[in-house]
Amino acid sequence: MTDAPTRIRVASEGTEPYEVLVGHQLLGELAGLISPRPGGPPAGGRGRVAVLHPEALAATGEALREDLAAQGYEAVAIQVPNAEEAKTVEVAAYCWKALGQSGFTRTDVIVGVGGGATTDLAGFVAATWLRGVRWIAVPTTVLAMVDAAVGGKTGINTAEGKNLVGAFHPPAGVLCDLAALDSLPVNDYVSGLAEVIKAGFIADPAILDLIEADPEGARSPQGPHTAELIERAIRVKAEVVSSDLKESGLREILNYGHTLAHAIEKNERYNWRHGAAVAVGMVFAAELGRIAGRLDDATADRHRAILTSVGLPVTYRGDQWPKLVETMKVDKKSRGDRLRFIVLDGLAKPTVMESPDPAMLLAAHAEIAA
């Protein structure tokens, strides 16, 4: 018998509330999210379901399609490229074509199975097909569970930057099956810890205490605190998103470390893992806060220590600063040509720093320059 999953409610004004389920063997919950009548197709006929999955999860996607077909759904599988290669308008157009050829209507459902890039794409395709159809996220990485799949921000990349094209389109539900993490490569698992650590610095310091008490355990899905760390990070995001769906205020704090991170990712042509870039971005933001006289030395130093302890990078190539600055100017968090950074006024006290002095930025960059 499997323990009942943890259910975390996300309820934003003007949208249907949904639940994020965290536990093991959760695919039995999927049919209830797809259909208004739990366990069966919608009243009046069979429903269509498109299972959107990356190439690396071809077997998982096909098994899920077969299971849904056996339950009476018209299920199709749509395979997309792995990781960030999936987040292009060309891949989105391929998905739209597949939906059109399958006769997909507004009462049908998309299921996105995979990492953060896959759930970002699945949500964007769902938001744009027929001006919006329901979708369900089945994240299979730490990063997707604690960040990408929760909150309704969907999007694709362009040559000009990351996530510049997208929509706010919350899912009908999120299934975080922790068993999926057992087969995750260690570097991918550790990359996701950056978003968990971010949640600790901006809102829930207990996360930092758990990781510092057992850094090696935090690096493994078999660690003693895996479920608690993931649940705590999800609760941070759920609380923020419930208050501010469309990033008009409070939700900006979730971008801690991300302004520089997105510039690094673009500069590396998305060959860097997102979490690795966020780790460097958080150290940069901590140094910026320290230089501005906002953040105490102990908390600033804690960034570098905890990230290093789990194996995340804290430096980046020093000669790339001019390129990074230009990229940050077109980041979706910028206003006009004014750069905006989330910094800390203290542990769990995030705030916005707008148009910082270029000399301060340069000094902060010097602290992360390899």
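Keep in mind the model is a prediction, meaning the values are calculated, not measured. (Residues numbered from 1 in each chain as written. Predicted model: local features only at pLDDT ≥ 70, side-chain atom pairs only at ≥ 80, totals over all residues. Heavy atoms only, no water.)

Go over the pattern of salt bridges with me, naming the residues and quoting the values.
As enumerated under the stated definition, the model contains 25 salt bridges in all. With its nearest N and O atoms 2.7 Å apart, the salt bridge here joins Glu212 to Arg302. Of this pair, Glu212 sits in helix α7 (residues 206-213) while Arg302 sits in helix α12 (residues 297-309); the two residues are 90 residues apart in sequence, bridging distant segments of the chain. Residue class for Glu212 comes out partly exposed when judged on its relative accessible area of 35%. Residues joined in a network through salt bridges with shared partners are Glu287, Arg290, Asp297, Asp301 and Arg304. (Salt bridge = Lys/Arg side-chain N within 4 Å of Asp/Glu carboxyl O. Helix = DSSP H or I, 4+ residues; strand = E, 2+ residues; numbered from the N terminus. Buried < 20%, exposed > 50% of the residue type's maximum accessible area, 1.4 Å probe, protein only.)

For the sheet that holds strand β5 (residues 109-114), give the residues involved together with the corresponding values.
Read across the sheet, seven strands follow the order β1-β2-β9-β6-β5-β3-β4 without closing on themselves; strand pairing throughout is mixed. Because the sheet does not close on itself, it has two edges, and the strands there are β1 (6-10) and β4 (74-80). Taking each pair of neighbouring strands and ignoring which way they run, the sheet shows an average axis angle of 15 degrees. Seen against the sheet, helix α2 (residues 58-70) touches β3 (48-54), β4 and β5 and runs at an angle of roughly 170 degrees to β3. Contacting β3, β4 and β5, helix α3 (residues 89-101) runs over the sheet at an angle of about 160 degrees to β4. (Pairing = 2+ DSSP bridges. Axes fitted to C-alpha atoms, helices over the stretch in contact; angles between N-to-C directions. Contact = heavy atoms within 4.5 Å.)

Tell me what's going on with the packing of helix α10 (residues 258-267) against helix α11 (residues 274-291), and back it up with residues and numbers.
Across the interface, α10 lies against α11 with an axial gap of 7 Å and an inter-helix angle of 135 degrees. Considering their axes alone, α10 and α11 lie oblique with respect to each other. Regarding α10 and α11, the two cross each other, and that crossing is right-handed. Contact with α10, carried on its side by His258, Leu260, Ala261, His262, Ile264 and Glu265, involves His274, Ala277, Val278, Val280, Gly281 and Phe284 of α11 and no other residues of that element. Taken together, the residues that form the contact of α10 with α11 break down as seven nonpolar, four polar and one charged. (Parallel < 35°, antiparallel > 145°, perpendicular 65-115°, else oblique. Left-handed = near helix turned anticlockwise from the far one by under 90°. Nonpolar A, V, L, I, M, F, W, Y, C, P; charged D, E, K, R; others polar.)

I'd love a proper account of the packing of α3 against helix α4 (residues 116-128), names of residues and values included.
One can describe the packing of α3 onto α4 by two numbers: an axis separation of 10 Å at closest approach and a directional angle of 55 degrees. Taken together, the axes of α3 and α4 lie oblique to each other. Handedness of the α3/α4 crossing: right-handed. Contacts from Val91, Ala92, Cys95, Trp96 and Leu99 in α3 reach Leu121, Phe124, Val125 and Thr128 in α4. Classifying every residue of the contact of α3 with α4 gives eight nonpolar, one polar and no charged.

Residue-level account of the packing of aromatic side chains, with values.
To describe a pair of aromatic rings, one takes the distance between the centres and the angle between the planes. For the structure shown, the criterion picks out four aromatic pairs. Ring geometry for Trp272 and Tyr316: centres 5.3 Å apart, planes at 90 degrees, overall edge-to-face. Taken together, the residues Trp272 in the loop between α10 and α11 and Tyr316 in the loop between α12 and α13 (321-328) connect sequence positions 44 residues apart. With a relative accessible area of 3%, Tyr316 lands in the buried category. Grouped by ring-pair contacts, the aromatic residues Phe284, Trp321 and Phe341 constitute a single cluster. (Phe/Tyr/Trp six-rings, centres within 6.5 Å; stacked < 30°, edge-to-face > 60°.)

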